[in-house]
Amino acid sequence: MLAVAVGGRGVVDPAEPVLRADDEALLRGRGAFETIRVYAGAPFRLAEHLDRLATSAERIGLPPVNRLELEELARQALEAAAAPDAVLRLFWTPTPTALALVSALADHYDALRERGQRLISLRGIRADEPWLLPGVKSTSYAVNMAAEAEAKRRGADDAVFVDADGIVLEGPTTNVWWRRGRTLYTPSLELGILAGVTRAAVIELAAGTRYVVAEGAYPLGELAGAEEAFTSSSIREVMPIVELDGAPIGRGPAADELQAALRQAAEATLSQ
Ligand SMILES: Cc1ncc(COP(=O)(O)O)c(C=O)c1O
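Here the structure is a predicted model, which is why all the values come from computation and not from measurement.

**Student:** Even after reading the chapter, I still don't get helix H5 (residues 142-153), so can you show me in this structure?
**Tutor:** Each α-helix turn comprises 3.6 residues. Residues three or four places apart therefore point the same way. With twelve residues, H5 extends 16 Å from end C-alpha to end C-alpha; this agrees with the ideal 16 Å at 1.5 Å per step. Along H5, the residues classified as buried are Asn144, Ala147, Glu148 and Ala151. Down the axis of H5, the buried set is contained in an arc of 100°. They therefore lie on one face. Turned more than 90 degrees away from the buried face of H5, the exposed residues are Ala142, Val143 and Arg153. Just downstream of H5 lies Gly155, where phi reads positive at about 85°.

**Student:** I tried to follow the layout of surface pockets on my own but got confused; where do I start?
**Tutor:** Sizing a probe to match a water molecule and rolling it over the atoms shows the empty space that remains. Taken as a whole, the second largest pocket encloses approximately 240 Å³ of empty space. Residue lining of the second largest pocket: 16 residues in total, with Glu48, Arg52, Ala195, Gly196 and Val197 positioned closest to the centre. Among the secondary structure elements, those contributing two or more residues to the lining of the second largest pocket are helix H2 (46-59) and helix H6 (197-206). No other element matches the five residues that H6 contributes to the lining of the second largest pocket.

**Student:** Before we go on, may I ask you to explain the packing of H6 against helix H8 (residues 253-270) in this structure?
**Tutor:** Relative placement of two packed helices is described by the angle separating their axes and the distance separating the axes. Axis separation between H6 and H8 bottoms out at 10 Å; the angle between their running directions is 105°. It follows that H6 is roughly perpendicular to H8 by the angle criterion. Seen from H6, the contacting residues are Thr198, Ala201, Val202, Leu205 and Ala206; seen from H8, they are Leu258, Ala261, Leu262 and Ala265.

**Student:** I would appreciate a short explanation of the site of the ligand in the present structure.
**Tutor:** Among the 18 residues in the neighbourhood of the ligand, the closest are listed as Lys137, Tyr141, Val197, Thr198 and Ser234. With respect to the ligand, the side chain of Arg52 contributes an N or O atom lying 2.9 Å from an oxygen atom. With respect to the ligand, the side chain of Tyr141 contributes an N or O atom lying 2.4 Å from an oxygen atom. Bound to the protein, the ligand loses 95% of the 390 Å² it would expose on its own.

**Student:** Looking at this structure, how should I read the packing of aromatic side chains?
**Tutor:** By convention here, two paired aromatic rings are described through the distance between centres and the angle between planes. Using the criterion set out here, one finds seven aromatic pairs in the structure. Considering the side-chain rings of Trp178 and Tyr218, the 5.5 Å spacing of their centres and the 80° angle between planes classify their relative orientation as edge-to-face. With a gap of 40 residues between them, Trp178 in strand E9 (residues 175-180) and Tyr218 in the loop between strand E11 (212-216) and helix H7 (220-224) connect regions that are remote in the sequence. There is no split in this pair, since Trp178 and Tyr218 are both buried. Measuring from centroid to centroid gives 5.3 Å for Tyr185 and Tyr218, while their planes differ by 85°, and the two rings are edge-to-face. With a gap of 33 residues between them, Tyr185 in strand E10 (residues 183-187) and Tyr218 in the loop between E11 and H7 connect regions that are remote in the sequence. Side by side, Tyr185 and Tyr218 carry an identical accessibility label, which is buried. Ring pairs connect the aromatic residues Phe33, Phe91 and Tyr141, which therefore count as one cluster.

**Student:** Would you mind going over unusual backbone geometry with me for this structure?
**Tutor:** Backbone phi values are negative for most residues with the exception of glycine, while trans is the configuration of most peptide bonds. The peptide bond linking Thr95 to Pro96 adopts the cis configuration, its omega dihedral lying at -10°. Inspection of the secondary structure puts Pro96 in the loop between strand E5 (86-92) and strand E6 (98-104). Although it is not a glycine, Arg45 adopts a positive phi angle of roughly 55°. With respect to the element layout, Arg45 can be found in the loop between strand E4 (42-43) and H2. Taking relative accessible area as the criterion, Arg45 reaches 17% and is therefore assigned buried.

**Student:** Would you mind going over the nonpolar core with me for this structure?
**Tutor:** For soluble globular proteins, the rule of thumb is that nonpolar side chains tend to be buried together. Counting 27 residues, the largest nonpolar core has Leu53, Leu70, Leu88, Leu90, Trp92, Ala100 and Val102 as its most contacted members. For this core, the secondary structure elements donating two or more residues are strand E1 (3-6), strand E3 (32-39), H2, helix H3 (67-81), E5 and E6. The element best represented in this core is H3, accounting for six residues. In this structure, Phe230, Ala261, Leu262 and Ala266 belong to the second largest nonpolar core, which totals 18 residues.

**Student:** Is there a simple way to explain empty space enclosed by the protein in this structure?
**Tutor:** Taken as a whole and judged by the stated rule, the model has two cavities of 30 Å³ or more. As a volume, the largest cavity reaches approximately 60 Å³. Elements with a minimum of two residues in the lining of the largest cavity: E3 and H6. Take the lining of the largest cavity: its biggest share by element is three residues, from H6. Looking at the lining of the largest cavity, its residues break down into five nonpolar, three polar and two charged. Estimates place the volume of the second largest cavity at around 40 Å³. Lining the second largest cavity, in full, are Glu228, Ala229, Pro240, Ile241, Gly250, Arg251, Gly252 and Ala255. When grouped by side-chain class, the residues that make up the lining of the second largest cavity number four nonpolar, two polar and two charged.

Rules used in this analysis
- Residues numbered from 1 in each chain as written.
- Predicted model: local features only at pLDDT ≥ 70, side-chain atom pairs only at ≥ 80, totals over all residues.
- Heavy atoms only, no water.
- Helix = DSSP H or I, 4+ residues; strand = E, 2+ residues; numbered from the N terminus.
- Expected span 1.5 Å × (residues − 1).
- Buried < 20%, exposed > 50% of the residue type's maximum accessible area, 1.4 Å probe, protein only.
- Arc of directions from axis to C-beta.
- 1 Å grid on protein atoms, 1.4 Å probe; cavity = no way out; pocket = protein on both sides within 12 Å on 5 of 7 lines; lining within 4 Å.
- Points joined across faces, edges and corners; volume = space filled by probe spheres on them.
- Axes fitted to C-alpha atoms, helices over the stretch in contact; angles between N-to-C directions.
- Parallel < 35°, antiparallel > 145°, perpendicular 65-115°, else oblique.
- Contact = heavy atoms within 4.5 Å.
- Near = heavy atom within 4 Å.
- Polar contact = N/O pair within 3.5 Å; in protein donor to acceptor, adjacent residues only side chain to side chain.
- Areas by Shrake-Rupley, 256 points an atom, 1.4 Å probe, with all protein chains shown as cover.
- Phe/Tyr/Trp six-rings, centres within 6.5 Å; stacked < 30°, edge-to-face > 60°.
- Core = buried A, V, L, I, M, F, W, Y, C linked by side-chain atoms within 4.5 Å.
- Nonpolar A, V, L, I, M, F, W, Y, C, P; charged D, E, K, R; others polar.

What follows is the structure, encoded as structure tokens:
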């Protein structure tokens, strides 16, 4: 952890306690959060992340998000961290407490992008009822972390969730994509998955390429039989998939093109 800023206090020592013991974000996992990539000291698509945080908070019954406070805390924490490339996390809890955390970016993502990731499919929950919190990014992430750990235990890098009918949903912290011909396929938001900020960026950026995007409900076989596949997320960006459940998936140009386009979009934001 490089820096922490807390509502009402500002920047504090990262070793300081920052939550009340009765905060339900801790007791019940009833908090909202966002994980944001920082490029050259600036958070990428902060407004979109704050929009999603506000929606998550509303859906889990938290007080309305104080955007201005969170923006200011993010600014303070990033200034204190003074790290050009980093991870910014924003939290909003029921008390309410606002937190901005800046941590170092893990250094193995570019190597993983070169090698490509191996995924296993795991049964996940299709959030098709409001109380299953479709599209909500809450602090109840123990299931997602357990799925990632299970993938690692089985010698893979990460997991992809499928529903009871074998329909592809998303990864524990990523959205999933694959390509056949000129079409990029990705699961529809109607499946209750998280509306990834990077997913939205990839849809936008694909418009400037030769690819078209199709969103829908697709069985796992479609992903397994793809010409190439990749995940998208704020921190891992566009990350090629080279294996699914032990069977190879080919490499292709779309992942590299979209990764380059994403970096260009981040640079363009900086020069504005
Ligand atoms: C379940 C889930 N899906 C998708 C994503 C990707 O979202 P984003 O592109 O906004 O990072 C995340 C990010 O943490 C996630 O937790």
